[in-house]
Amino acid sequence: MMNFVWQLGLAFAFLMLSGQSVAAQAAPDRAIETDGPPGMVWIPGGKFIMGSSAKDKLAHPVEKPAHTVTVSGFWMDSTEVTNREFARFVKATGYITLAEKDVDWEELKKQVPPGTRKPPEAQLKAGSMVFAPPKNAVPLNNIGGWWAWVTGANWRHPEGPASNLAGRENHPVVHVAWQDAVAYAKWARKRLPTEAEWEFAARGGLKGATFTWGDEPFSDKKPQANIWQGDFPHRNSKLDGHIRTAPVKSYPKNGYGLYDMSGNVWEWCADWWRVDLYRHRVANGDRVINPVGPPRYFDPRNPREKQRVTRGGSFLCHDCYCAAYRPAGRRGTALDTGMSHIGFRCAKNQPKADARLPQ
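Let us now look at the overall build of the protein chain. Counting secondary structure elements, the protein chain contains six helices and 14 strands. Buried positions account for 57% of the 359 residues belonging to the protein chain. Across the protein chain, contacts joining residues at least 24 apart in sequence account for 75% of those joining residues at least 6 apart. Accessible area of the protein chain: about 15,500 Å², with a carbon and sulfur share of 53%.

Put into structure tokens, the structure is as follows:
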């Protein structure tokens, strides 16, 4: 942990994962659905290769080894959940997000090294982590150089109390912890997608494509996704017109009709994070069908943090540091963490879906 906030677990290690995808086979279910829930698209079930192959130069160990996975067909939100949609949920339920509540020291003590002193009450006030670009280049091995704990930052105030959602109603909601995303999904009679479902959907039926849009590299002149342009993290060239999040549907959809499966905001998945999950599967010779993730979290670098999977990368992804805006990119995030580049989208089973998939 780089500073006080990190010591308390309010900001968590960013393993901005990189790597390239391998061939994916989108063998669709025979019964293709056409009329579904509003705002959702049908993702045909099939068999695909999950993860990155050993030959991929940018691949991260947590994306290996590549292995065969089968998923059943399901519905998925065509976009990330927006501020407008989340506001509708809050108005209907009175829900209060984790970032809007003061930090519970008794709960936080479980995540920090024994003996850590309780901070002053003023530093336990409600807030969240906000991207704060430095004025000059900084070492990329210290994420404290571009993140700051901001009291009063939450989904209503993305950069802090002085900011609001005016003009950002159609941007993805941010500063939502995993439990906030689950609460919304239950209210909407949906669920969070599994990690396998998310990757299958992100690939959009492409075989062997590196990115959600194909094999062509990212273009600054005609950007295919909302990622960082310029020198990370201090200079954003703004060539795409977006400094932080972009409105949903600002970039072309993938082969399944999904927007922003690459960049914009990280997206919560249902699964616990296990850093060696893929190696474990292959070593055991498991036949992987509709996987729902490991039974508990495991990451030796952050053994006390309860982490869930996040996928897709964000507007902060840049190849010099984070190439996780590819379908194979994956990371674990503390489930009680809401940040200015984390959001989510929902999934929903078809009526006769495999009973093992969580609703």
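Any two side chains of opposite charge can pair, on the condition that their charged atoms come close. Counting across every chain of the model gives 14 salt bridges. Between glutamate 195 and arginine 311 there is a salt bridge; the shortest N-O distance is 3.1 Å. One end of the pair, glutamate 195, is in helix α5 (residues 195-203); the other, arginine 311, is in strand β11 (residues 307-311), with 116 residues separating them in the sequence. Arginine 311 shares its class with glutamate 195; the two are buried. As a salt-bridge pair, arginine 311 and glutamate 199 come within 2.8 Å of each other at their nearest N and O atoms. In this pair, arginine 311 is assigned in strand β11 and glutamate 199 in helix α5, connecting sequence segments 112 residues apart. Considered together, arginine 311 and glutamate 199 belong to a single accessibility category, that of buried residues. By sharing partners, the salt bridges in this structure join Glu195, Glu199, Arg203, Arg311 and Arg330 into a single network.

The next subject is the nonpolar core. Judged by nonpolar contacts, the single largest core of 42 residues is most densely connected at Phe86, Trp147, Leu192 and Phe344. When residues of this core are assigned to their parent elements, the largest contribution, five residues, is made by helix α4 (residues 178-187). Contact partners of leucine 192, with chain neighbours within four places excluded, come to Trp178, Ala181, Val182, Ala185, Trp268, Cys269, Ala270, Phe344, Arg345 and Ala347. Judged by nonpolar contacts, the second largest core, of 25 residues, contains Met76, Ala202, Cys269 and Val309.

Glancing now at unusual backbone geometry. For the bond from lysine 64 to proline 65, the omega torsion is -10°, close enough to zero to count as cis. Within the secondary structure, proline 65 is located in the loop between β2 (46-50) and β3 (67-71). With an omega of 0°, the peptide bond between phenylalanine 232 and proline 233 qualifies as cis. One can find proline 233 in the loop between β7 (230-231) and β8 (235-236).

This part is about the side chain of arginine 191. Mapped onto the elements of the fold, arginine 191 is located in the loop between α4 and α5. Taking relative accessible area as the criterion, arginine 191 reaches 3% and is therefore assigned buried. Separated by 2.9 Å, the side chains of arginine 191 and glutamate 197 make a polar contact.

Attention now moves to the sheet that holds strand β10 (residues 288-289). Ordered in space as β2-β3-β10, the three strands form an open sheet in which the pairing is mixed. If you trace the sheet from one side to the other, it starts and ends with β2 and β10, each paired once. Both β3 and β10 contribute to a ladder of two bridges, which runs parallel. The residue bridging threonine 70 from the neighbouring strand is isoleucine 289, located in β10. Where α5 meets the sheet, its contacts fall on β2 and β3, and the angle it forms with β2 comes to roughly 95°. Set on the sheet, helix α6 (residues 277-284) makes contact with β2, β3 and β10; between it and β3 the angle comes to about 95°.

Overall, the coordinates contain 22 aromatic pairs when judged by the stated rule. Centroid distance phenylalanine 89 to tryptophan 187: 5.4 Å. Interplanar angle 50°. Geometry classified as tilted. Taken as a pair, phenylalanine 89 in helix α2 (residues 83-93) and tryptophan 187 in helix α4 lie far apart in primary sequence, 98 residues in all. An angle of 70° between the planes, with centres 6.3 Å apart, marks the rings of phenylalanine 131 and tryptophan 147 as edge-to-face. Residue phenylalanine 131 is located in strand β5 (residues 127-131), and its partner tryptophan 147 is located in strand β6 (residues 147-151); the two are separated by 16 residues in the primary sequence. For phenylalanine 131, a relative accessible area of 2% puts it in the buried group. By way of ring pairs, the aromatic residues Phe86, Phe89, Tyr95, Trp155, Tyr184, Trp187 and Phe344 are connected into one cluster.

Attention shifts here to the pairing of β5. With five of five residues buried, β5 lies mostly within the body of the structure. Sheet topology note: the β5/β6 ladder contains five bridges and is antiparallel. By the bridge assignment, serine 128 is partnered in β6 with valine 150.

Considering the arrangement of structural elements, one finds cysteine 346 in the loop between β13 (342-343) and β14 (347-349). The spatial distance from the C-alpha of cysteine 346 to the C-alpha of threonine 194 is 9.9 Å, given a sequence separation of 152 residues. Beyond its immediate sequence surroundings of up to four residues, cysteine 346 is in contact with Met40, Trp75, Met76, Asp77, Val81, Tyr184, Ala185, Lys190, Arg191 and Pro193.

Scoring rules and cut-offs
- Residues numbered from 1 in each chain as written.
- Predicted model: local features only at pLDDT ≥ 70, side-chain atom pairs only at ≥ 80, totals over all residues.
- Heavy atoms only, no water.
- Helix = DSSP H or I, 4+ residues; strand = E, 2+ residues; numbered from the N terminus.
- Buried < 20%, exposed > 50% of the residue type's maximum accessible area, 1.4 Å probe, protein only.
- Contact = heavy atoms within 4.5 Å.
- Areas by Shrake-Rupley, 256 points an atom, 1.4 Å probe, with all protein chains shown as cover.
- Salt bridge = Lys/Arg side-chain N within 4 Å of Asp/Glu carboxyl O.
- Core = buried A, V, L, I, M, F, W, Y, C linked by side-chain atoms within 4.5 Å.
- Polar contact = N/O pair within 3.5 Å; in protein donor to acceptor, adjacent residues only side chain to side chain.
- Pairing = 2+ DSSP bridges.
- Axes fitted to C-alpha atoms, helices over the stretch in contact; angles between N-to-C directions.
- Phe/Tyr/Trp six-rings, centres within 6.5 Å; stacked < 30°, edge-to-face > 60°.

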